[in-house]
Amino acid sequence: YDYMQFYGEASIGTPPQSFRLVFDTGSSVAWIPSKSCTSAGCTKHRRFNHTASSSFHSTPRRRVFEVAYATGRIRGVAVQETLRLNKAHLNRLPIGLVTETNGRAFIDYPFDGILGLSPESPALRRLLASKALPFPVFSLYLGDDHCENHALFGDVDMTHVKEEFKFASLLTETNRWAIALREVSVGGVATKGAEGAIAVVDSGTSYIGAAPSFVEELKEKIALEEDCSNWHTRPRISIVLDGATLELDPADYVLIERGRCLLTLMALPAARSPPLLVLGLAVMRKYHTLFDPSHNRIGFAPSGVGSGVPHPLGSAEDLSLIHISEPTRLLSISYAVFCLKKK
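Residues numbered from 1 in each chain as written. Predicted model: local features only at pLDDT ≥ 70, side-chain atom pairs only at ≥ 80, totals over all residues. Heavy atoms only, no water.

Glancing now at the state of the cysteines. According to the stated counting rule, one finds two disulfides in the structure shown. Across the disulfide from Cys 37 sits Cys 42; the S-S distance is 2.2 Å. Every disulfide takes its handedness from the sign of the S-S torsion; for Cys 37 and Cys 42 that torsion is 80°, giving right-handed. Pair check on accessibility: Cys 37 and Cys 42 agree, each one buried. The partner cysteine of Cys 228 in its disulfide is Cys 261, sulfur to sulfur 2.3 Å. Because the sign of the S-S torsion sets the handedness, a value of about 115° for the bond joining Cys 228 and Cys 261 places this disulfide among the right-handed ones. Placement of Cys 228 in the loop between helix H4 (212-222) and strand E16 (237-241) and of Cys 261 in strand E19 (residues 260-263) is noted, with a sequence separation of 33 residues between them. (Disulfide = S-S within 2.5 Å. Buried < 20%, exposed > 50% of the residue type's maximum accessible area, 1.4 Å probe, protein only. Helix = DSSP H or I, 4+ residues; strand = E, 2+ residues; numbered from the N terminus.)

The following block contains the structure:
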């Protein structure tokens, strides 16, 4: 499990200034470092110079925003700017300019900022409302061992799908890509920690996140030896959602780091109601994920070389798929997503 974070190139402002952004389905905000930020978490990255942009618009009273992450906190001002994703131009999009960071993680990460793609994301809503797209959907393929991954707005590339998509119903009363969680079992034995929890699909999280007590229960049932002597015989984890079941084998949830074996599990703050099971990159690398908000559903299909399965959105003859190798086609917005290879 070498790939711990994924990001893509985007440009902001006029003339465009380039940034590496995490495509984060767990967040609604877009933010980049400001040129005025002197924190180490900013100076190690590309910073936006708003004085050089003719499309820059400040907000009334310079509205302040602040976001707390598990790895640190950012603070800045909300502005409006032009965001360019391939051929898509989003004018006067709400964007945060970070003026202060707190946390070493922002120093070490290879990306500059975040593009939120949650259901409440202004960027996503405007992208999916575009009449240039054949369908109001987007898909993430993050399972390529050579880092040839992509995001596709308006369609799904079936050449990377081995089986039919299975669709899970979204919980519409949340602002997340949230799904009812029916059961989590390890080696066919149901867990207690999944009771009453909901699953959240989050491309901005590397691991699988759960309440501390649930993480401990999973560790106990998996019984992984740190010396890696038994990792390949560990049981399968089955995540039963409302409409789809996701199966994780040891190669999907075991991380080998400097000769030690670790589980790709992360403890979340315990005081969450309802409790969450965050399906991060440990899950999304195995499953090509299709986000279909107009039908209140998310589709999951095992990633890999396609096998001629039916297209989930209609007849393939009626679609104009766009791939990374065909950058000049106009329908759909195909976007390379690069991965950070773990050192």
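Further notes follow.
On to the side chain of Ser 139, then. Tracing the sequence through the fold places Ser 139 in strand E9 (residues 138-141). Taking the relative accessible area as the measure of exposure, Ser 139 reaches 0% and is therefore buried. A polar contact is formed between the side chain of Ser 139 and the backbone oxygen of Asp 155, at a distance of 2.9 Å. Those residues within four positions of Ser 139 in sequence are excluded, and the remaining contacts are His 150, Ala 151, Leu 152, Asp 155, Val 156, Asp 157, His 288, Thr 289 and Leu 290. (Polar contact = N/O pair within 3.5 Å; in protein donor to acceptor, adjacent residues only side chain to side chain. Contact = heavy atoms within 4.5 Å.)

Bringing the packing of aromatic side chains into the picture now. Two numbers describe a pair of aromatic rings. These are the distance of the centres and the angle of the planes. Summed over all chains, the structure comprises nine aromatic pairs. Centroid distance Phe 138 to Trp 177: 6.1 Å. Interplanar angle 65°. Geometry classified as edge-to-face. Remark: Trp 177 occurs in the loop between strand E11 (166-169) and strand E12 (178-186) and Phe 138 occurs in strand E9; sequence separation between them is 39 residues. No difference in accessibility class separates Phe 138 from Trp 177, as the two residues are buried. A ring pair is formed by Tyr 287 and Phe 300, whose centres lie 6.5 Å apart and whose planes are at 90°; its orientation type is edge-to-face. (Phe/Tyr/Trp six-rings, centres within 6.5 Å; stacked < 30°, edge-to-face > 60°.)

Interpretation in functional terms is not warranted from these geometric data alone.
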